[in-house]
Amino acid sequence: MVKTLLLDEARKKLDAESEECLDEEALIQDLLEREVEVPTPTDAELERWSASNIAQMSTGPAMHVRHILVYADKSMPGSVETAQKRAQEFLDYLKSTPKDFEQLAARYSECPSSGRGGHLGIVQEQDLLPEFRRALQTVQDGEFYDGLIETRYGVHVVQLLKRFSAEAKVEELSREEKQRIRIFLEDNSWKQGVQNYIAMLAAKARIKGFDLFSGTTAQASSTGWPDGGNCTGKKAS
């Protein structure tokens, strides 16, 4: 229903030449890029969001972590072994080519964080799964855990980007980390903007009862950027 709604709108608004050259998915993407306006966080808003989230770490140390999840169904014979083999291939490759992490996560990770390049954000240690906490105890900033981490979700390739003390300050964030936060905020705002646009089209067509991004809590307003969260079983405090 949603796809039909978007295609109908795309064919109304895009020129005949574009319609002939683009497949259905490309038509929808072109429409959304033209019609959905997403606010870009200013430096001041980025600082406020970072300060707010870092302030939440006052009860204990935190980590900035990213991962790739290879799903494994432990009830299925061979599933874990297959996931381990696949995850090990990712780990071996990324140790020599860490710059490709976000690209691999976006394409292959079976965690919702794949949409953010595998980033779980800045997460309090107490909110990480026990398997993550134990594995990352001796890992240094920027390093991969030299192995695979198995959880109830499957097999993970994990990199610790930075460890923060309970007294961490916004000033400790590197330029690269601030850019990742900016991308995260823009991505969530884009999703909410798309959802709002579809809701508008649905209202016009008197279609109700769908949610393209079920569970998304991102705000499209620059005055309410979304909180960071993780997909390891708990929400960051």
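Everything quoted here is computed from the prediction, not taken from an experiment.

Rules and cut-offs
- Residues numbered from 1 in each chain as written.
- Predicted model: local features only at pLDDT ≥ 70, side-chain atom pairs only at ≥ 80, totals over all residues.
- Heavy atoms only, no water.
- Salt bridge = Lys/Arg side-chain N within 4 Å of Asp/Glu carboxyl O.
- Helix = DSSP H or I, 4+ residues; strand = E, 2+ residues; numbered from the N terminus.
- Buried < 20%, exposed > 50% of the residue type's maximum accessible area, 1.4 Å probe, protein only.
- Pairing = 2+ DSSP bridges.
- Axes fitted to C-alpha atoms, helices over the stretch in contact; angles between N-to-C directions.

1. Brief notes about the pattern of salt bridges
Step number 1: Under the defined criterion, the tally for this structure stands at 9 salt bridges.
Step number 2: A salt bridge links Arg11 to Glu24; the nearest nitrogen and oxygen atoms lie 3.8 Å apart. A residue pair is termed long-range when its members are at least 10 positions apart, and Arg11 in helix 1 (residues 2–13) and Glu24 in helix 3 (residues 24–35) qualify at 13 residues.
Step number 3: The exposure class assigned to Arg11 is partly exposed, which follows from its relative accessible area of 36%.
Step number 4: For Glu125, the salt bridge is made with Arg163, and the minimal N-O distance between the two is 3.7 Å. Of this pair, Glu125 sits in the loop between strand 2 (119–124) and helix 7 (130–136) while Arg163 sits in strand 4 (residues 154–164), and the two are 38 residues apart along the sequence.
Step number 5: Here Glu125 falls in the partly exposed class, since its relative accessible area comes to 21%.
Step number 6: What emerges from the salt-bridge pattern is a single network uniting Lys3, Arg11, Glu24 and Glu25.

2. Focus: the sheet that holds strand 3 (residues 149–151)
Step number 1: The strand order across the open sheet built from 4 strands is 2-1-4-3, with neighbouring strands paired in antiparallel fashion. Of all the strands in the sheet, the pair left with one neighbour each is strand 2 and strand 3. With strand direction ignored, the average angle separating the axes of adjacent strands in the sheet is 40°.

Take it as geometry only, folks, not as evidence of what the structure does.
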